[in-house]
Amino acid sequence: MDSDVDVASPLPESPAHDRTPSATRPDGGGGLRAAARVTSHALIAGLPVAVLGVAAIVLGPEISAGLDNRAVAAWRTVFTAIVIQGVPFLLLGTVVSAAISAFVPAWVFTRVLPRNPALAVPVAGVAGAVLPGCECASVPVAGSLMRRGVTPAAALAFLLSAPAINPIVLMATYVAFPGNPWMVTARLVASLLTSVVMGWLWIRLGREEWLRTPEGPTGHTAGASRAEEFRVSLQHDFLHAGGFLVVGAAAAATFNVAVPHFVLRLFSDSPWLSLPMLGLLAVVLAVCSEADAFVAASLTGFSPSARLAFMVVGPMVDLKLIALQSGTFGRAFALRFSSATWVVAVLCSALVGWWLL
Amino acid sequence: MKRNIQVLLLLFTGVGLLHISLLTDLYLRYVRPGLRPALIASGVLLIVLGAVSAARDGFPFNRPRTDHDHGHDGHQDGGHQGHGHDHSQGPRIAWLLYVPALTILFLAPPALGSYTAARDEAKAKAPTAGDSLFPALPRNGIVEMSLNDFSSRAVWDTDGTLRGHTVRLTGFVTPGHHGTWYVSRLAISCCAADATVRKVRVHGATAPPADAWVTVTGTWHPTGKVGTDDASPALDATAVKRVPAPKDPYNDAVPTRPGR
């Protein structure tokens, strides 16, 4: 990927330009003038694209030759794929979270959620069903809930349950396991159980200092335009979470290319080992929660409980989520929370799998 | 990250997404076709966001901020604490987004191919149960089949519906050990990270170069005891023809062509 960075370096806008402040432009002006300004800025912004395009066309063959190694090519494809499929969901999540920050008053949450945190946890867990999307979307939303004063335990329960129990994911699970509707029920129950248990665990054992309360634009302040606040927090959250998505995608792509899958099949015979093995596979593969049911279905030879563990762990703990969480809540939190969630998720899958499957 | 660099990044990402989803079919190398509307919407949203930000913050030069911008301006080059989580400027970690943004614009990586297919064993999908799972094949002429269908029948179909038929399979070439080769496909359910391998060993023809797309015409080559894990899909080839790579390389379905 180095050569990509090389391409990026001759950007016309080097930070040095910042030191020359241009004159303050008057803020007023009709919609027409604003539109003209946006257009002219867009044209100016198109210039670097054109310059880089020419550079890439001229230097393209050499750069491509350098990247021709087949393993490198596979890594780049998987890396790009994870980022691309993550971006729309990340954007959805940041739009929702920016809207919560800018437009939803704080009293809404205190009114909707029970005051007692122990009761708020299951309510928030069930509320996860309303956010359609995969796990990339839930991290920024949970962060903005915390900013608006929702108790962390409830926001964390929401963070865990949202990507696992929303209708889109459950539908995908139903399609992936034809003739086995119990798998859908088991996934719903095990995911909800895990998220509620984790919320309660946080009330009992969690410490404030582990959790870096998400900074950033905090709600509506008097005197500022709401639309402007929405834009600023959308831009900040998207760029911030997007950077961590890139880190997570790079880690997941490395495992994807470096670890042959048949290694995992060696463990498929032992029911006790296969559960944590598929739990680990879910962490390193970092498959989107809307797709992991299909991957689980393709893991023939594993017990149903082990496949359930794959689908319960995947949306809650994986490499790109750990990266996203450490960006939003801090590394101290992400490592402790993810490892605890992993253990709880595997145990819940074993329990629910033994009961239902 | 300075605000003008952020604007540039938003625009690059937006243009990149539109480039692979709206202007070309490159997105099919990475994600499933159903994600296209979401990609286009994301691209448009990012470009709008970038354009509005360019107008509000000043571009290419930062506009000095007024008082109620509550500290979102960047004069001090902070961000010394780890991940650049410093709100006086944009997040420094966002620089990393330039890598995929510029990659998809200018150096789009190829679709996954024989490297990935060679590393994993293909697992033919076992039928769930029942008799009508493998309907009889048409009697006349060459039967075009997906690799998935052929593999399932070759491994699990104890009724032998493949027997006596000439079939045609399409896929790319994956070299095996000692001069053997496979016609193969990768199937994805969401993105290239979850690709699963389908491959059929080809007998009786010399291997075309790796990753070349071919149609292989031939008859079933029984291997192992059908209905157990010992069986593996294989074909006695009578003809191998090079074909252009399909638009969606991960779609292992029979091309709908009239005739034949």
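Nothing here was measured: the structure is a model prediction, and the numbers come from that model.

## A word on the overall build of chain A
Link 1 in the chain: From N to C terminus, chain A includes 16 helices and zero strands.
Link 2 in the chain: Expressed as a percentage of contacts within chain A between residues at least 6 apart in sequence, the contacts between residues at least 24 apart total 84%.

## What about the overall build of chain B?
Link 1 in the chain: Helix and strand counts for chain B stand at five helices and six strands.
Link 2 in the chain: The order of α-helices and β-strands along chain B, N terminus first, is α-α-α-α-β-α-β-β-β-β-β.
Link 3 in the chain: Evaluated residue by residue, chain B yields a buried proportion of 45% over its 260 residues.
Link 4 in the chain: When contacts within chain B are restricted to residue pairs at least 6 apart in sequence, long-range pairs at least 24 apart make up 68% of them.

## Digging into the nonpolar core
Link 1 in the chain: Counting residues in each nonpolar core, the largest one holds 158 residues, and the members touching the most others are I82 and V313 of chain A.
Link 2 in the chain: When residues in this core are grouped by element, the largest group, 17 residues, is from helix α3 (residues 70-103) of chain A.
Link 3 in the chain: Those residues within four positions of V313 of chain A in sequence are excluded, and the remaining contacts are G279, A282, V283, W342, A345 and V346 of chain A.
Link 4 in the chain: Membership of the second largest hydrophobic core comes to 21 residues, among which are L162, L169, V214 and L235 of chain B.

## Observations regarding the confidence of the model for chain B
Fine structural detail should not be taken from predicted coordinates in areas where pLDDT scores are low.
Residue and element names in this part refer to chain B.
Link 1 in the chain: Here chain B averages 81 in pLDDT, and 81% of its residues register 70 or above.
Link 2 in the chain: Throughout residues 66-88 the model reports pLDDT below 50, and contacts reaching past four residues in sequence, or to other chains, amount to 30 contacts.
Link 3 in the chain: The complex model carries a pTM of 0.75, and its ipTM stands at 0.85.

## Here's the deal with helix α5 (residues 147-156) of chain B
All names here are of chain B.
Link 1 in the chain: Counting buried positions over the ten residues of α5 gives seven, a clear majority of the element.
Link 2 in the chain: Considered for burial, the residues of α5 that qualify are L147, D149, F150, S151, R153, A154 and V155.
Link 3 in the chain: Among the structural elements, β2 (166-175), β3 (181-187), β4 (196-203) and β5 (213-220) are those in contact with the buried residues of α5.

## Here's the deal with the pairing of β3 of chain B
Residue and element names in this part refer to chain B.
Link 1 in the chain: For β3, the tally of buried residues reaches six of seven residues, placing the bulk of the element in the interior.
Link 2 in the chain: The pairing of β2 with β3 spans four bridges and is antiparallel. Note that in β3 the partner of P175 across the bridge is W181.
Link 3 in the chain: Linking two consecutive strands that pair antiparallel, namely β2 and β3, is a turn of five residues; a positive phi of about 50 degrees is found at H178 within it.

## Comments concerning the packing of helix α10 (residues 226-258) of chain A against helix α2 (residues 36-57) of chain B
Link 1 in the chain: The geometry of α10 of chain A relative to α2 of chain B is characterised by a closest axis approach of 11 Å and an angle of 120 degrees between their N-to-C directions. Viewed along their axes, α10 of chain A and α2 of chain B adopt a mutual orientation that is oblique. The two elements α10 of chain A and α2 of chain B meet at a crossing, and its hand is left-handed. Facing α10 of chain A, whose interface residues are R231, L234 and Q235 of chain A, α2 of chain B presents L49, V52 and S53 of chain B.
Link 2 in the chain: For the contact of α10 of chain A with α2 of chain B, the per-class residue count stands at three nonpolar, two polar and one charged.

## Some remarks on the packing of helix α6 (residues 135-147) of chain A against helix α7 (residues 152-165) of chain A
Residues and elements named next belong to chain A.
Link 1 in the chain: For the pair α6 and α7, the least separation of the axes is 9 Å and the interaxial angle reads 165 degrees. In this view, α6 runs roughly antiparallel relative to α7, as classed from their interaxial angle. Helix-helix and strand crossings are classified by hand; for α6 and α7 the assignment is right-handed. Note on element contacts: α7 touches α6 through P152, A155, L156, F158, L159, A162 and P163, opposite E135, S138, V139, A142, L145 and M146.
Link 2 in the chain: Taken together, the residues that form the contact of α6 with α7 break down as eleven nonpolar, one polar and one charged.

## Points about the pairing of β5 of chain B
Residues and elements named next belong to chain B.
Link 1 in the chain: As defined by bridge partners, β2 adjoins β5 across seven bridges and the pair is classed as antiparallel. Residue pairing for β5: T166 is matched across the bridge by T219.
Link 2 in the chain: Relative to strand β6 (residues 234-242), β5 runs antiparallel, the two being bridged by seven bridges. By the bridge assignment, W220 is partnered in β6 with L235.

## Examining the environment of A186 of chain A
Residues and elements named next belong to chain A.
Link 1 in the chain: If you trace the backbone, A186 turns up in helix α9 (residues 181-205).
Link 2 in the chain: With 166 residues separating them along the chain, A186 and V352 place their C-alpha atoms 6.3 Å apart.
Link 3 in the chain: The contacts of A186, once residues within four sequence positions are left out, are L308, V352, G353, L356 and L357.

## Focus: the environment of V44 of chain B
Link 1 in the chain: Among the structural elements, V44 of chain B can be located in helix α2.
Link 2 in the chain: For the pair V44 of chain B and L17 of chain B, spaced 27 residues apart in sequence, the C-alpha separation works out to 8.6 Å.

## Digging into helix α5 (residues 117-127) of chain A
All names here are of chain A.
Link 1 in the chain: The complete set of buried residues in α5 reads A120, V121, A124 and G125. Viewed end-on, α5 has its buried residues packed into an arc of 135 degrees, placing them on one side of the element.
Link 2 in the chain: Considering only its buried residues, α5 is in contact with α7 and α9.

## Some details on the confidence of the model for chain A
Link 1 in the chain: Mean pLDDT over chain A: 79, with 79% of residues reaching 70 or higher.
Link 2 in the chain: Confidence drops under a pLDDT of 50 for residues 1-28 of chain A, and excluding neighbours within four residues, the segment shows 37 contacts in the predicted structure.

Definitions and cut-offs
- Residues numbered from 1 in each chain as written.
- Chains lettered and ligands numbered in written order.
- Predicted model: local features only at pLDDT ≥ 70, side-chain atom pairs only at ≥ 80, totals over all residues.
- Helix = DSSP H or I, 4+ residues; strand = E, 2+ residues; numbered from the N terminus.
- Contact = placed C-beta atoms within 7 Å.
- Buried ≥ 20, exposed ≤ 12 C-beta atoms within 10 Å, placed from the backbone.
- Core = buried A, V, L, I, M, F, W, Y, C linked by C-beta atoms within 7 Å.
- pLDDT = per-residue confidence, 0-100.
- Pairing = 2+ DSSP bridges.
- Axes fitted to C-alpha atoms, helices over the stretch in contact; angles between N-to-C directions.
- Parallel < 35°, antiparallel > 145°, perpendicular 65-115°, else oblique.
- Left-handed = near helix turned anticlockwise from the far one by under 90°.
- Nonpolar A, V, L, I, M, F, W, Y, C, P; charged D, E, K, R; others polar.
- Arc of directions from axis to C-beta.

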